[in-house]
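# Overview (structure and organization)
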Amino acid sequence: MAAPTQPEPAAMRTPRQWLALLALAVAVLGAPPVAEPAAAARDRLVIGITQFPSTLHPAIDSMMAKTYVLRMALRPVTAFDHDWKLVCVLCTELPSFENGMAEIEALPDGGEGAAVTYRLHPEATWGDGTPVTSADVVFTWEAGRHPQSGFAAMETYNRITGIDVLDDKTFTVHFDRVTFDYNAFGIDLLPAHIERERFEADPAAYRNRTAYVTEPDHPGLYFGPYRIVEVASGSHLVLRRNPTWYGPEPAFETVVVRAVENTSALEANLLSGQIDYIAGELGLSIDQALAFERRHGDRFRVEYKPGLIYEHIDLDLGHPALADARVRQALMHGMDRETISRQLFDGRQPVAHSNVNPLDWVHAEDVPTYAHDPARAAALLDEAGWRMGAGGLRRDAAGTPLRVTLMTTAGNRIRELVAQVLQSQWRAIGVEVRVVNQPPRVLFGDTLTRRRFDGMVMFAWISSPEAVPRTTLHSESIPTPENGWAGQNYTGYASADMDALIDAIERELDRDKRAALWRRLQHLYATDLPALPLYFRADAFVMPAWLKGVRPTGHQYPSSMWVEEWRAAE
Amino acid sequence: MLRHVLHRLAQSAVVLLVMSFVVYALLGLMPGDPVDLMLAAMPDVTAEDARRLRRLYGLDRPLLERYANWLVAAVQGDLGFSRLHGRPVAEVLWQPLGNTVLLLSVSLAVALAVALPLGMLAALRPRSGFDYAVNLLAFAGISMPVFWLGLMLMTLFSVILGWLPAGGVAPIGGGGLGDRLSHLVLPVATLSVAAIGQHIRYMRGAMIETLRHDWIRTARAKGAGWGRVVLRHGLRNAMIPVVTILALDLGTLFSGALITETVFAYPGMGKLIYDAVMGNDYNLALVGLLLATALTLLGNVLADVAYGWLDPRIRQR
Amino acid sequence: MRLAPPANAPVRLAFRRFRRHRLAVASLALLVVIAALAALAPAIQAALGLDPEAVDLLNRLAPPSPAHPLGTDELGRDVLARLLDGGRVSLAVGLATALVAAALGTLVGLVAGYRGGALDALLMRLTDGVIALPLLPLLIVLAAVDPAKLGVPADLYRSEIAGVVRLVVIIGLVGWTTVARLVRASTLSVREREFVLAALAAGAGPGRIMFRHILPNVTTPIIVATTLSVGNIILLESALSFLGLGVQPPLASWGNMLTGALELIWTAPALAVWPGAMIFLTVLAFNFVGDGLQDALDPKAGQQGRR
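Everything quoted here is computed from the prediction, not taken from an experiment.

Procedures and definitions
- Residues numbered from 1 in each chain as written.
- Chains lettered and ligands numbered in written order.
- Predicted model: local features only at pLDDT ≥ 70, side-chain atom pairs only at ≥ 80, totals over all residues.
- Helix = DSSP H or I, 4+ residues; strand = E, 2+ residues; numbered from the N terminus.
- Rg over C-alpha atoms; globule rule 2.2 N^0.38 Å.
- Buried ≥ 20, exposed ≤ 12 C-beta atoms within 10 Å, placed from the backbone.
- Contact = placed C-beta atoms within 7 Å.
- pLDDT = per-residue confidence, 0-100.
- Axes fitted to C-alpha atoms, helices over the stretch in contact; angles between N-to-C directions.
- Parallel < 35°, antiparallel > 145°, perpendicular 65-115°, else oblique.
- Left-handed = near helix turned anticlockwise from the far one by under 90°.
- Nonpolar A, V, L, I, M, F, W, Y, C, P; charged D, E, K, R; others polar.
- Pairing = 2+ DSSP bridges.
- Expected span 1.5 Å × (residues − 1).
- Core = buried A, V, L, I, M, F, W, Y, C linked by C-beta atoms within 7 Å.

### Describing the overall build of chain A
Counting secondary structure elements, chain A contains 17 helices and 20 strands. Against the 2.2 N^0.38 benchmark of 25 Å for 570 residues, chain A shows a C-alpha radius of gyration of 27 Å, consistent with a compact globule. Considering only C-alpha atoms, chain A reaches an extent of 80 × 70 × 45 Å along its principal axes. A total of 570 residues make up chain A; the buried ones form 51% of that total.

What follows is the structure, encoded as structure tokens:
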């Protein structure tokens, strides 16, 4: 480059001025933005989410984005409602032993099974005019239990020993065991008139040939208030009112679900009017939503719903220090979760004292709790043989320092922040924590499933109301090379008491007795501390002032299952 | 010339083949497999389910065997199935490819349209105030993080001013040409800033070099007008190195496109590959990467052709 | 053996030419300041009483104050202290990676240029192939590779610093091509020079000739290309951070600070301005210095487009 002819100071100023200009542009964001698009007869709702659904087939793979979209177009037989009660959705009356629609029957091997009779809604009709019938139930079961169908969870289907078709709309399901949730039938039906042929031609290729993959806009695949009419992979899906829907007519003619991964960009899309509403199930993080509400609370309504997303830290119980329950309790006392919740989440995410959400009916009030108490933590650590040494770091008799690795999902900023706060709080009680983050696909796809973590992992479980923690706490669910790394008891927690409680809860039909068992389970959990409870996450629903009727659920059945109640009102 | 192009194409095919194996092996080195991810997402998958699914997806076979199977199928046109999108890979790729080619070509055109005249004018008056300003602009352009620039532009033009859409390729339900173009403005602006900076530098350098040659002075002495000399002789010769570099820069441009697409939720190849890698979608990641490589290799061959067209000495070969 | 021409005079000449490039000189000064700040970060933090890791949840997103000259971030940590730490990491990544890439590229270029023949053709096809690759998608794959499957012990790759080393290695692995081509071209012209032929006649082995006689004479393109690449690598690190694959928190880099701040861009724009400005200015400065070096060391090539 040629020698500059202009004086040097000017040269150095130009980029700075320019930067300052951009900074200014950012700073004036508080100013009211341009008028939103004319409110002319809102017959379209554009929803923003952070993930694009993969396959639309209801039973292959599982991801929240898919569930969120499908709930507008398909309904399971039974589901949990806003009050976290099991209700009929596609059926007409919830079967029970009391109303005679369910009964206990003897199994050939001498055990007990359950026969449960469901009646499908008489007017339920696939979008192409074919009624939804018992034949669809039978087909779904047959496909589900076929070893080559590629359905992810065969267990659900394998528990069913047979299905009797009583008539077009009535059928009896025979389960091979009697559990307290014997009447739950949460599977989605597949349209036999479209799918059976494709399945029987080649079961192994079915997952690629299903109409949900090849013709996702086929009207016959959906019977809900909406059906999917356009799929722009990676970008958006368009749903239109389904004329065969038997329930109340939804208010919007069209619903568009648009995926924008970057949450800052998602916010920009909302503010510029390209999307109307950010779904809480897959939307802004809690601190972004809080900040958003402070700035735009006049135009948008933000609703927070703490739910069954249990943020916690799984511990490696084989770790020399963490194997001692006193060390685990000391770690609990060392955390100041109340302050974290108040300062980072405006108190919107309640502190968890066990794995059961206070909103769940089986939640017990009187479990041991761990307040922030560094003195108590220090005493516990002393007792466990970890004495304060040089540099404020605790060591055992052999001189080994108390050092633990804390891993969490890279890219989840809230978790990254909390990890750093905990690191600093535990440092104060003489525990050195090394924070190492991994991308979710590595953490969930490998480190956790193969139990290759050494210390602690912070993540969340999402569950349904009264979900029995068999897969996460039962000793048979510890992933090992022998069982192909199945199960989610990543901590390696093995407690005969816990196993017995889990088995007992599953089989206990009496609500009061079950509540007592649940109380014992929570007590045991809070004492043994296989994992450190942090808080229950809250979803933030960012809605325009005119959108009414969206009711967050707080559990695995998203708010979109009641999409027909949504409406625009000025 | 034709032979030369064919030779280059054959070379590119070899590079692609080698690349396919390297990437296939790399994907095999990624932690976990698709079934592991599924296990983590679904609590009720049992040990038996896991074994069954691994067998079903062929994940229990050794790497070389899997690669050979994949290659045989791929050559026959079966690119496999995308786990993430639940559709055949060939089907998934089509639209993003079109979107990315559009984004890249428009950005490149814009970049050249801005950079070539600026670079040329700067070269005509080296060390002038104008030259100095253009240089500063060029360096500023190549020194900015692309994602930051994208978010700033989005903030300014979509949120504060409300002039342009904040993302996507078109309004829902298609929309006219104008709509599509308005969706293209911000991504193109974001992507072309760095390219503008880059090409101003190249153009200016090449032009200065060319104008120093004796034959330029000779042409001028013969009475040809300065403008005519610059445009007819200077520009043409200066374009030769610029075109070479243009082709080499396609890979860089594609990298920028990946970021731009992520910021603007623009469904293109870059975002597709990124999502596929992050989601353990082996088939899609592999084919996506190969396609992106093929795209840049093709760009190189095209540049070769343009090079021959610009430089008569090569044309006659 | 003193067959190589004396190098003193050209250096002085180059220095004089570099000094004429005022932007490059200013940039160099800026870089020296930034590097000094980064190198002395612990001392500066101690002197100002700042702790980059001290979390203070009751004092989040505070505006600048005497206690916190640039305010605090979303965890109440001091932004200035973090910025200094981030500078250490970003500069270290940039410099280390550039050196790794330069070493690799030099080796490939020397061997290809000196040996020639089939080996040259093979290495150059390899170089062309790597240049044609779309870098970022490939880096994403490389960043996702599991070190355990390559036999690296878990203790090594799970330490905080391992993430940085990993970045250096993977970017270095794909970033060597520019240097390789430049070195090869220079080697081709140098290897026929008298002092090389003389060394050959004196019975020097190929290794000795390449590294003792040719290498000192091809340093110019290496220095220029490496300087220019430092800025690019800092940019690349920030892009990888944006995609969640860069330097991982709690270790701060300018890239991950900027990425984190962008999520809060609407609430606390100042948080994004600082790391953004540091990246921009540093990269700009490296580019100017590289440009100045090119003019100074290789005035003829400096007028050409470069790669």
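### Concerning the overall build of chain C
Assigned secondary structure in chain C consists of 15 helices and zero strands. Projected onto its principal axes, the C-alpha coordinates of chain C cover approximately 75 × 50 × 35 Å. Here the contacts in chain C between residues at least 6 apart in sequence split such that 71% fall between residues at least 24 apart.

### Regarding the confidence of the model for chain C
Residues and elements named next belong to chain C. Averaged over chain C, the pLDDT score is 83; the fraction of residues at 70 or greater is 91%. Between the elements of chain C, mean pLDDT differs from a low of 51, seen in helix H15 (residues 299–302), to a high of 92, seen in helix H4 (residues 79–115). In this model, residues 1–6 is a region of pLDDT below 50 whose contacts with residues beyond four sequence positions or in other chains number eight contacts. Across residues 301–307, confidence stays below pLDDT 50; counting only partners more than four residues off in sequence or on other chains, it has 21 contacts.

### Structural notes on the packing of helix H9 (residues 177–190) of chain C against helix H12 (residues 219–242) of chain C
All names here are of chain C. In the contact formed by H9 and H12, the axes pass within 9 Å of each other and the chain directions differ by 165°. As the angle between them shows, H9 and H12 are arranged roughly antiparallel. The two elements H9 and H12 cross, and the hand of that crossing is right-handed. Seen from H9, the contacting residues are Thr178, Val179, Leu182, Val183 and Ser186; seen from H12, they are Pro221, Ile222, Ala225, Thr226 and Ser229. Looking at the contact of H9 with H12 residue by residue, the class counts come to six nonpolar, four polar and no charged.

### Considering the sheet that holds strand E6 (residues 160–165) of chain A
All names here are of chain A. Strand order across the open sheet formed by four strands is E4-E5-E7-E6, with antiparallel pairing between neighbours. A single partner strand is all that each edge strand has here, and the edge strands are strand E4 (102–106) and E6. With strand direction ignored, the average angle separating the axes of adjacent strands in the sheet is 25°. Across the face of the sheet, helix H3 (residues 134–145) comes into contact with E6 and strand E7 (170–175) while running at roughly 160° to E6.

### Some points on unusual backbone geometry
The backbone phi angle of B:Ala265 is positive, close to 50°, even though this residue is not glycine. Summarising the element assignment, B:Ala265 is placed in the loop between helix H11 (250–263) and helix H12 (269–278). B:Ala265 sits in the buried class, given 27 other C-beta atoms within 10 Å. Residues other than glycine seldom take positive phi values, yet C:Leu61 does so here, at roughly 50°. By C-beta crowding, C:Leu61 is classed as partly exposed, having 17 other C-beta atoms within 10 Å.

### Structural notes on the pairing of strand E10 (residues 254–259) of chain A
All names here are of chain A. E10 sits mainly inside the fold: five of its six residues count as buried. When strand E1 (residues 44–49) meets E10, the two strands line up parallel, connected through six bridges. Note on E10: the bridge partner recorded for Ile49 is Ala259. Examined bridge by bridge, strand E9 (residues 236–241) and E10 share five bridges and lie antiparallel to one another. Bridging across to E10, Val238 finds its partner in Val256.

### Looking at the confidence of the model for chain A
Summary statistics for chain A give a mean pLDDT of 87 and a share of 92% for residues scoring 70 or more. Per-residue pLDDT stays below 50 along residues 1–40 of chain A; that stretch engages in 58 contacts with residues further than four places along the chain or on separate chains.

### Looking at helix H10 (residues 325–334) of chain A
Residues and elements named next belong to chain A. Burial within H10 is extensive, with eight of its 10 residues counted as buried. Every buried residue of H10 is listed here: Val327, Arg328, Gln329, Ala330, Leu331, Met332, His333 and Gly334. Contact partners of the buried residues in H10: strand E12 (300–315), helix H12 (374–383), helix H13 (413–427) and strand E18 (531–544).

### Section: the environment of A:Asn269
One can find A:Asn269 in helix H8 (residues 263–271). In this structure A:Asn269 comes out as buried when scored by C-beta crowding, with 27 C-beta atoms within 10 Å. Separated by 42 residues in sequence, A:Asn269 and A:Arg227 have C-alpha atoms that sit 25 Å apart. Leave out the neighbours within four places in its chain, and A:Asn269 touches A:Gly48, A:Val260, A:Gln274, A:Ile275, B:Ala166 and B:Gly167.

### Looking at the environment of C:Leu95
With respect to the helices and strands, C:Leu95 occurs in helix H4. Between the C-alpha atoms of C:Leu95 and C:Val169, which are 74 residues apart in sequence, the distance is 12 Å.

### A look at H11(B)
Taking 1.5 Å per residue as the helical rise, H11(B) with its 14 residues ought to reach 20 Å, and the 20 Å between its terminal C-alpha atoms agrees with that figure. With respect to burial, H11(B) is a largely interior element, 13 of its 14 residues being buried.

### Structural notes on the pairing of E7(A)
Residues and elements named next belong to chain A. Burial along E7 is one-sided: Phe171, Val173 and Phe175 are buried, and none of Thr170, Thr172 and His174, which face the opposite way, are. In this sheet, E7 lies alongside strand E5 (residues 112–119) in antiparallel orientation, the contact comprising six bridges. The residue bridging Val116 from the neighbouring strand is Val173, located in E7. With five bridges connecting them, E6 and E7 associate as antiparallel partners.

### Here we look at the nonpolar core
Nonpolar side chains in soluble globular proteins tend to end up buried together. Of all hydrophobic cores here, the largest spans 273 residues; its most connected members are A:Ile47, A:Val255, A:Val542, B:Met203, C:Leu139, C:Ile140 and C:Ala239. Filtering out sequence-adjacent residues up to four positions away, C:Ala239 remains in contact with B:Pro145, B:Val146, B:Phe147, B:Ile259 and C:Leu136. Core analysis: the next-biggest nonpolar cluster, separate from the first, contains 69 residues, A:Leu315, A:Val433, A:Leu443 and A:Tyr525 among them.

### Let's talk about the packing of H4(C) against helix H13 (residues 254–263) of chain C
All names here are of chain C. At a closest axis distance of 7 Å, the pairing of H4 and H13 adopts a crossing angle of 130°. It follows that H4 is oblique to H13 by the angle criterion. Residues Arg82, Gly86, Gly87 and Ser90 of H4 pack against Trp254, Gly255 and Met257 of H13. The residue makeup of the contact of H4 with H13, split by class, is two nonpolar, four polar and one charged.

### Describing the environment of A:Val137
Residues and elements named next belong to chain A. Within the secondary structure, Val137 is located in helix H3. The spatial distance from the C-alpha of Val137 to the C-alpha of Arg450 is 36 Å, given a sequence separation of 313 residues. Excluding residues that lie within four positions of it along the chain, Val137 makes contacts with Ile163, Phe171 and Leu189.

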